[in-house]
Structure formats: structure tokens, C-alpha cells
Amino acid sequence: MGMSPAVSPRPNPPGSSAPVNAAKAKSLVHLVHNKTAPSPSLASAATTPGGPDADEGLAEEMNDKVANQFAFGPRLGEGTYATVFRGHYRDDPSKLVAIKKMKKNAEWQDGINLDSLREMKYLAELHHPYLIELIAVFTTKDENINLVLEHLPGGELQDLWQDKTIAYGGADVKAWANMLCQAVWWLHENFVLHRDIKSNNIIIAADNSLKLADFGLARTFANPEADMTYNVITRFYRPPELFLGSTHYGGCVDMWSVGCVIAEVAIREFFLPSATDLAHLGVITEVFGVPTEQDWPGLSKLRFWKEQMEGLPPKRPQPLSWWKQRMPLIGDAGIDLVRGLLTMDPSKRLSARQALDHHYWTSLPRPQRKELLPKKGGKEGEKAMGEQLKRVGGEIESGRTDKVARKLDFGAAR
Amino acid sequence: MSRVARPSGASNRKAVEDSGASNLSHSLHSMSLQHQSPSKPARAAADSSPEVCQVCKSSRYLNQHMRFLVNPECYHKMCESCVDRIFSHGPAPCPIAGCKKTLRKARFRMQTFEDLKVEREVDIRRRVAKVMNKQEVDFESLRDYNDYLETVEEITWNLILKIDVEQTERRLRAFEEAQKAELNPNAPRRVMNAGPDTSTLSDTSHVILKKGGTQRRTQTASSGNTPDPSGAEERGFSFKGLKKRKVPEPEKAFDPWGGYSVDALYYSVKDEYDHKFFAVKHEAKFYASGYKAPEYYSHALRDAFGGLGVFLNEEMADLKLNAIDVPLAVGGGRDVEMNDVF
């Protein structure tokens, strides 16, 4: 390993030193859980020659201690790699968790599959209000790994903007965009690339804050001598340099995705939809023009430039008026931010730090307060509740006594 | 009062129609409403049939759609056409003989309760409740709250029974002003008695033909302020055990960083390092894909020296968690060596 991304330098959460200690405590617990988590066979294989039995016993004991804290609830969903259950703490059933039970798949018979390994590795050490919290990890008898995650009842951000019954405005978009930028900034500060930011992977918590989830493709920033794969990030959110086969990228690939997410929340449809990987570069150049060596130094040296871009007829990017007409919700400052995030040349693209320094956050309107953010189902739920309240007591409106005060309410005029 | 008055209104309707009000209701009636002249109750009884307007004597028999309105100044009932006729051109005195109240058309309304005494009491209670709107949490003890409630009830009954009306009204208004001032200390407050001007003003201040609400309030408030400048009088009422209202802090400027910061405390990152990476960073595959050398520097330094910011002793002291006890206890002091699976 060697990388412990989030442990230091000291993350300085807001407020006094008390939360720092809490954070410290948490991270330590994770480390402990983390070490217990892998299947006992792994732990025992790595033990000192002195007493393998004793250590295996210890690992099992620690694992049981963690596993016994949680109780499984109903199944929430099932995918190819994992089944998700709702669970709760045994000592406090009101504290809900989501338990992600990883499936053993055929390719990874021995050991842990790479996705869950990455998820555990990064989530265990990253703590931020806008990143999903990994509470614990334990194994069950069948050597399945269970990730205990925060329970997030609000649904995905994508469902929210796709649901046209939910109305939201510029202040709401700004609040969401800020939470997303903070989450990504925290990742990059700790040298972690998410590499799969999309509105599908952003989940809304009970307190309406966004949580970045699914660290299955995450990795640390690579050293210069190491190559990274360019086949990451869902197509709609993939930056042009990855289509051109870049193997040495930085946080900028995530920032392109962030720009796409903010744009799609602002226009309530996919910003850069395309049918195939090959066609996507065409979709990008449709909006941003065909880059030249002047606006993107070194462009022609990229691996796939010859086959993808060489000889394309020159094309100018869409003018500012196109953006203003497309995204009236976020205003000029927001458009400036999105255009900064969606800059073709990755070295000119805004970094997470620069994005948080942008004047969009401080210009009007002020970002919506968390408790006032629209959430999915809230309206329908409220409507149903209203209908229900209306019928209470089997009261029938006769019309005769409707205008007569039934009750003396002296405070009503307050 | 309402408890007394309502049954008499509801169940004894026939009696009321026959012989006017019942004894009890009659005595309260004379107390609360402005029927001072002895001849009036009899006449009122004769004409008080709800079908006849006491001003124009037209009856519902002739005009089916007649509506009766009252004005909360004196609660005299009259038909809509009379109100239109008399008050359309501005405030005018009440046309009922003996009542000299100045009425305004805007305040005429349909009565909600059949019994006008109840109507009036409800109005007064509503008005008082609007001003005296403290809750139990505003007081230090239940006793103080109960004392407050008693005062409120006393004020209400004073107004209903017309005891010390002038003074009570004045104090009520002063209290309301004080409450408002407390809620919004920055609001421009009307300066009563602005020094030397008062003498010149006072000559003309009584000559006010049409008293608007604000004018009247200023007048009474200023007259109320002059005699007794003590604190209680200025604030209308002072209650024992009433907590000071906490002024909510102004909203802070939005922090896009959410209060978080990452600062390297134990090392600093230079812009350039003499490192083999120097040689490669001018390659196109780095600068064309946004790979930034400073990020690599700080990453490497973080990995190397980030641990300097961790103080195990402190963290162990803070922890007191069972999860930590396990390895220490079971390991029996021996270093539990578990290879890192990552």
C-alpha cells in the first residue's frame, strides 16, 4: 500500500479541535475494521510463523465484533456485483445503514474483486460530509465481503433532475454544484481520482446533501512513470483527452465530469449525449469546436489524435450567447464556471481548488440552504398527506355551516 | 362572558325576541355596549328584530337581499344601503341617536356571532392576543408565565368592561411598540417629543379633523409618554421573569469550502524540485493531458511526511473505543503483525 490518502496533513474540518479528534477516532476505527475485514484466510496467510491459530482467532473475533453490530433488513436492490440491503445498528434500530454485500464472481475466485477493494481502500480513509461514509467492513460465513455504508434515502441526483414534477431554481443548482465541487476537491486534495463522476453516482442524503458514491474506479494520482488507463469514466462524462488516449492525466478528468453534471442539472437533460464512444468526440467538437495545436499545446502528440481528429474541418466553438440561451438557470457566473470546467485543454481546465475559488459561489443568488432544497418524493408525499388530512374524520362539506366559525380562535389573527 | 352570553343567545332566542334581553344579558349589555340612555333599551327591544334596519326602518320583508353590517367602533347594526348612503363620502358620526362615534365605511363588516357582545369580546381578545403573544418558553418559570397570563386576562376584561380603557389602550400600544422595537432594533423609530418643537406643535395638535390611525397613535403615545417617563410606562407593561429576546445572528457569508482546509503543517512544497521528473515534464504526453508536476510533488511529500501530523498518543487518549482494546488485549503486548492487504 504505502498510500494513506486522507490521513494527513491534518484535515481541518470546520469548528474547534473537537471534531478533528472525532475524525481521527473514526479514521482509526476504519483502519482497524479494514484490517479485520478481509477474509480470515488472507489474514492468517499473512501471520507470523509464531502462532497462526491465535491470529486467525483474533481476526475472526474482531470480524464478529463488527458484524454483530449490524442487523440485516429488507433487500433494496440487486446488481451484477453486489446486493444491497437495508440494515441498522443492533443497539439502535433507528440508526439505519446500507449493507452492500459483494458477490463473488467467477473471474476473481481468490481474493477480493478490484472494485470492492478500491471502494474499501479509499472510502475507509476519506471523510467528508459530501462523500459517502463507509462505516464498517466485515465478512460473513460464506466469505462474502459486506460494506456497511451510510443510509441515503434521497435517491440519485439523476432521478431528481429527470423528474419533471420537481421544480428547482438557480439557488438549488448552486447548492448542489457546490457540494459536488467540495467533494471532488476533497478527493483531489487527498490525491484520489474518482474517475466515474456522474449524476447516477451522486446520492442524496436524508439532510438533502449530496454524497459522491461508487469508488469502484477510483485510484490515487499516478507517478509520472506509471501509465493509467484511458478507458474510464462513463461516456457522457468522459473528457476529450481520454478519447485521445491520454495515459498521464490528473484531477482534470474529474473536473470535466463535474462540469457535465452541473450542466445537465442546469438544463435538465444530458448535456453531451452520444450513441457510441466513437461518436462522442464529434458531439464534443460540436459544442467546443475542433481544438488546434494553439489552444491545446501537445494535442497532436496524443495517442489517438491521428485517427480521431487529424484532418477534421476547422470548427469554432459555440458562442457565449448559445450558452446563455441553453443555461439560463445558472446565470452568467455559472456559465463561466461550467465553461471553465469544460475546457478542452486539460491543463487550462479549472482544478477543483480553482472551481471553489470561482465567483459563482459568492454571486447572487446565495446557494439554497440545505433544508430547503427540493427532494424527490417530497411533493407527492406531501400531496398524498394533504389528501389524507383533508378527509380526516369523514367530514363532508355541506356548504351550510362552512362560513360559521366553529371554534373561537383568539390567536388566529396573529 | 361568552359562556354566559352564548346560551342566552341560542336557547332563549324566543324570550329575547319577546321581551328584549334576559336579566343577566341585559346588565352585561348595558355595561359593555353604548346604550346609556334609559329610554333606549326599550326602543331597542322593540326595533331589535333582526329584520328591520334601525336607521332607515326598511325591513327584510320588502328587500330580501338586505345585509346588516356592524362597525367595531360601536357595534350598532345597520343595513348595507344605509352604510353606503351615510359613509360613502368619508367618516361620519354613527346615525344611532346618542352614539357619537365617528365611523368609517371600510371597517363595516358582517357580524360573525349572533350576539354582538360576543362579537365585541372576540374582537377585543383577538386584538389583545395579537400584542400579548408571549409563550411559556419566553418565561423563566411557569409561575411567571401564569402571572403574565393573569395580567393579559385582566387587560382583556378591563377593555371588555370599559375600565380604565384610555390608560389600558395606551399601555397596550406602548407594549406593542416596545415589542416591535425589540424585534427590529434598526427600524426607524418615531421620535415622540422632539425637544423645542413640542410646544409649538401642542397648540395645533388637538385640532385634528380626521384622525388617521397613525396620527391618533402618535397623539396618545406622546401624551402617554410625557407624564411618566419610567421604564414600565414606556414599555407599556413589564413582566417578571420575561427572558431577554436573543437576537438571531446575521447569516454568515457563504463559504464555498464548507469550512474545510488542507494545509501542510509540517513541511512546505516548493515550486520546483531537482528530480528526474524534471526531465519528463516537458514531454507532450504530460502537459497535453493535464498532468501537473506540483501535484506530483505535493503528493510525494504528503506520502513521505504526512504521518508527521499524526500523534498516536493523543489519538489513543481520545479514543476510548472498544475496537481498539481488542488487538491490544488479545495481542498481549506483542505487536500484532498483519500484513496490509492493499
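Residues numbered from 1 in each chain as written. Chains lettered and ligands numbered in written order. Predicted model: local features only at pLDDT ≥ 70, side-chain atom pairs only at ≥ 80, totals over all residues. Heavy atoms only, no water.

Caption draft 1: Examining the pattern of salt bridges more closely. Scanning the entire structure with this criterion turns up 22 salt bridges over all chains. A:Arg353 is paired through a salt bridge with A:Glu189; the nearest N and O atoms lie 2.6 Å apart. With A:Arg353 in helix α13 (residues 352-356) and A:Glu189 in helix α6 (residues 170-189), this residue pair connects regions lying 164 residues apart in the sequence. Residue classification places A:Arg353 among the partly exposed positions, given a relative accessible area of 41%. With a relative accessible area of 11%, A:Glu189 lands in the buried category. With a closest N to O distance of 3.2 Å, B:Lys117 and B:Asp115 form a salt bridge. Assessed through its relative accessible area of 6%, B:Lys117 is described here as buried. Given the relative accessible area of 15%, B:Asp115 is considered buried. Here the salt bridges share partners, and the residues they tie into one network are A:Arg235, A:Arg238 and A:Asp277. (Salt bridge = Lys/Arg side-chain N within 4 Å of Asp/Glu carboxyl O. Helix = DSSP H or I, 4+ residues; strand = E, 2+ residues; numbered from the N terminus. Buried < 20%, exposed > 50% of the residue type's maximum accessible area, 1.4 Å probe, protein only.)

Caption draft 2: Local environment of helix α7 (residues 142-160) of chain B. Counted at 1.5 Å a residue, the expected span for α7(B) with its 19 residues is 27 Å, and the 27 Å between its end C-alpha atoms agrees. Of the residues trailing α7(B), B:Lys162 is marked for its positive phi of about 55°. (Expected span 1.5 Å × (residues − 1).)

Caption draft 3: Representation of the sheet that holds strand β3 (residues 82-89) of chain A. Residue and element names in this part refer to chain A. Here 5 strands make up an open sheet; going across it, the order is β2-β3-β4-β6-β5 and the pairing antiparallel. At either margin of the open sheet sits one strand with a lone partner, and together these are β2 (70-78) and β5 (134-139). Each neighbouring strand pair of the sheet contributes to a mean axis angle of 30°, computed without reference to strand direction. Alignment of β5 against strand β6 (residues 145-150), held across 5 bridges, turns out to be antiparallel. Bridge pairing in β6 links Val137 to Leu147. Together, β4 (96-102), β5 and β6 form the strand contacts of helix α4 (residues 114-123), whose direction differs from that of β6 by roughly 45°. (Pairing = 2+ DSSP bridges. Axes fitted to C-alpha atoms, helices over the stretch in contact; angles between N-to-C directions. Contact = heavy atoms within 4.5 Å.)

Caption draft 4: Looking closely at the nonpolar core. Residue and element names in this part refer to chain A. If you look at the biggest cluster of nonpolar residues, it comprises 101 residues, and the most contacted ones within it are Leu157, Trp176, Leu212, Phe271, Phe288, Trp323 and Met327. For this core, the element with the most residues is α6, which contributes 12 residues. Mapping this core onto the domain boundaries places at least three of its residues in each of domain 1 (22-150) and domain 2 (157-406). (Core = buried A, V, L, I, M, F, W, Y, C linked by side-chain atoms within 4.5 Å. Domains from an automatic or database assignment.)

Caption draft 5: Seen up close, the environment of B:Phe68. Residues and elements named next belong to chain B. When you line up the elements, Phe68 lands in strand β1 (residues 68-69). Of the residues examined, Phe68 reaches a relative accessible area of 10% and is grouped as buried. In sequence terms Phe68 and Phe108 are 40 residues apart; their C-alpha atoms lie 9.5 Å from each other.

Caption draft 6: Expanded view of unusual backbone geometry. Residues and elements named next belong to chain A. Residue Leu364 is joined to Pro365 through a cis peptide bond whose omega torsion reads -5°. Within the fold, Pro365 resides in the loop between α13 and α14 (378-390). A positive phi angle is found at Arg195, which is not glycine, with a value near 65°. Its place among the elements puts Arg195 in the loop between β7 (192-193) and β8 (202-204).

Caption draft 7: Layout of the confidence of the model for chain B. All names here are of chain B. Chain-level statistics for chain B give a pLDDT mean of 71 and a share of 63% at 70 or above. When the criterion is pLDDT under 50, residues 193-208 qualifies, and its contacts beyond four places in sequence or with other chains add up to 7 contacts. Within the model, the stretch residues 322-342 combines pLDDT values under 50 with 33 contacts to residues more than four positions away or in other chains. (pLDDT = per-residue confidence, 0-100.)

Caption draft 8: Quick look at the pairing of β4(A). All names here are of chain A. Among the 7 residues of β4, 5 are classified as buried, and the element is accordingly described as predominantly covered. Relative to β4, β3 runs antiparallel, the two being bridged by 7 bridges. In the strand pairing of β4, Ala82 is matched with Met102. Between β3 and β4, which pair antiparallel in sequence order, lie 6 residues. For β4 and β6, the ladder comprises 5 bridges, and the chain directions are antiparallel. Opposite Lys100, over in β6, you have Leu147 as the bridge partner.

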